[in-house]
Amino acid sequence: MIVVMKTGAKKDQIEKVKATIVEIGYKPHVIKGVLQSVIGVVGDDRGKVNHMERLSLLEGVERVVPISQPYKLASREVHEQTSRFKVNKSTVGSNKICVIAGPCSVENEEQLITIAKAVKKAGATMLRGGAFKPRTSPYSFQGLGEEGLKLLAKAKEATGLPIVTEIMDTDDIDLLEDYTDVLQIGARNSQNYSLLRRVGRSKKAVLLKRGMSTTINEFLMCAEYVLSEGNEKVMLCERGIRTFETATRNTFDLNAIPVLKEKTHLPVFADPSHGTGYWQYVTPMTLAAIAAGADGVAIEVHNNPEVAVSDGGQSLKPKKFADLMKKAAPVARAVGRKI
Ligand code: PEP
Ligand code: MN
């Protein structure tokens, strides 16, 4: 349930509600709105009496509303406006579409800096690059590890772009927090609940990818794990799902964008690179994602895709990425956004 406070409710009234929530065995999560604060009441409700009336009688409370969805903190019912937060100087969840671009894997300094400068020049807002790679085969390139993180730090210094990189293991969190601005949870780890809980206790923003066979409701429950630990900076990312179709690497679920936008206040991203698996489909599906209401996109870019150590076939060359950015501007405008 959620406790909606009256407009202008005092700090001590909010504190009293929070203390009562703890007393009845739940966790309070305060969400401050422009006029009103809302307090999410979350936790295991098995065997507990319904405390709605007790909470509704507290001073400063306007009403107590049950939440119909299994995800509570992720639901638009608790937070009507799309969540907006800063990642360094960039804002996520605003009218301006956020563009994450960069190579699938960090390979070497020359590769990364060249790509970072090119995507920055074309208008990207964040740099992506994997240092710990979740590869289908244990014999494929697994990423440069810490050396890759150091190169990402150099690229950040050269361009000012915030860094997005994947975390695969809870053990790596301290190391990753030193280098990155956004922790990416990949499709293969999207239901790794201990990892989700751990990034939920981080101060860093999280880019949570949808698992390849995760339903939209399950995906929102994954986000709920992160939110329930206190991290509110969660970006969701549709990256294609497994279907019977083999003409593309995955089936990019464009439907997920308006569905997620309706169900959750969390910013919704789209990754047409993994969603399609072929560079020639990336631009049209990026435009489609923007038209469908995405708050951001994540695109793989490589200066020499023919020799890329991973995902070369779905990577745009810098020139093609710059063309995409030009094509995206009028589409964004048509749906009342900027890019
Ligand atoms: C990636 O972003 O390079 C990646 C591995 O993505 P996903 O987890 O969506 O497959
Ligand atoms: Mn990739």
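What counts and what doesn't
Residues numbered from 1 in each chain as written. Chains lettered and ligands numbered in written order. Predicted model: local features only at pLDDT ≥ 70, side-chain atom pairs only at ≥ 80, totals over all residues. Heavy atoms only, no water. Helix = DSSP H or I, 4+ residues; strand = E, 2+ residues; numbered from the N terminus. Rg over C-alpha atoms; globule rule 2.2 N^0.38 Å. Buried < 20%, exposed > 50% of the residue type's maximum accessible area, 1.4 Å probe, protein only. Areas by Shrake-Rupley, 256 points an atom, 1.4 Å probe, with all protein chains shown as cover. Near = heavy atom within 4 Å. Polar contact = N/O pair within 3.5 Å; in protein donor to acceptor, adjacent residues only side chain to side chain. Nonpolar A, V, L, I, M, F, W, Y, C, P; charged D, E, K, R; others polar. Pairing = 2+ DSSP bridges. Axes fitted to C-alpha atoms, helices over the stretch in contact; angles between N-to-C directions. Contact = heavy atoms within 4.5 Å.

Participant: What is the right way to look at the overall build of the protein chain in this model?
Facilitator: Each helix and strand counted, the protein chain has 11 helices and 14 strands in total. Here the protein chain has a C-alpha radius of gyration of 21 Å; the compact-globule value for 339 residues is 20 Å, and the two agree. Among the 339 residues that make up the protein chain, the fraction classed as buried is 53%. When the accessible surface of the protein chain is summed, it comes to about 15,200 Å², and 51% of that surface belongs to carbon and sulfur atoms.

Participant: What is the right way to read the site of ligand 1 from this model?
Facilitator: Taken together, the neighbourhood of ligand 1 is formed by 13 residues, with Arg128, Gln184, Ala187, Arg188 and Arg239 sitting nearest. Lysine 133 is positioned with one of its side-chain polar atoms (N or O) 3.0 Å from an oxygen atom of ligand 1. For ligand 1, whose free accessible area comes to 300 Å², the fraction covered by protein is 97%. By residue class, the composition of the shell around ligand 1 is three nonpolar, three polar and seven charged.

Participant: When you look at unusual backbone geometry in this model, what are you seeing that I'm missing?
Facilitator: Phi is mostly negative for residues that are not glycine, and the peptide bonds are mostly trans. Of note, asparagine 88 is a non-glycine position whose phi angle comes to about 55°, a positive value. Looking at the element boundaries, asparagine 88 is found in the loop between strand E5 (85–87) and strand E6 (90–92). You can call asparagine 88 partly exposed: its relative accessible area is 40%.

Participant: Explain the pairing of strand E14 (residues 296–300) to me, please; I cannot follow it from the model alone.
Facilitator: A regular strand places its side chains on the two faces of the sheet in alternate fashion. Burial analysis of E14 places five of its five residues in the buried class, the great majority of the element. Burial along E14 is two-sided: Gly296, Ala298 and Glu300 facing one way and Val297 and Ile299 facing the other are all buried. By the bridge criterion, five bridges tie strand E7 (residues 98–102) to E14 in an arrangement that is parallel. Residue pairing in the sheet places glycine 102 in a bridge with glutamate 300 of E14. Here two bridges tie strand E13 (residues 268–270) to E14, and the two strands are oriented parallel to one another. Looking at the pairing, phenylalanine 269 lines up with glycine 296 of E14.

Participant: Quick question: what am I supposed to make of the sheet that holds E7 here?
Facilitator: The strands that make up a sheet are held in pairs by hydrogen bonds between backbone atoms, and each pair lies either parallel or antiparallel. Here eight strands make up a closed barrel; going around it, the order is E7-E8-E9-E10-E11-E12-E13-E14 and the pairing parallel. Put simply, the sheet's adjacent strands are angled 25° from each other on average, direction ignored. Sheet topology places strand E11 (residues 205–209) next to strand E12 (residues 234–238); four bridges connect them, and they run parallel. Each bridged residue has a counterpart across the sheet, and for valine 206 the counterpart in E12 is valine 234. Sheet strands in contact with helix H8 (residues 256–263) are E12 and E13, and its direction is about 170° off that of E13.

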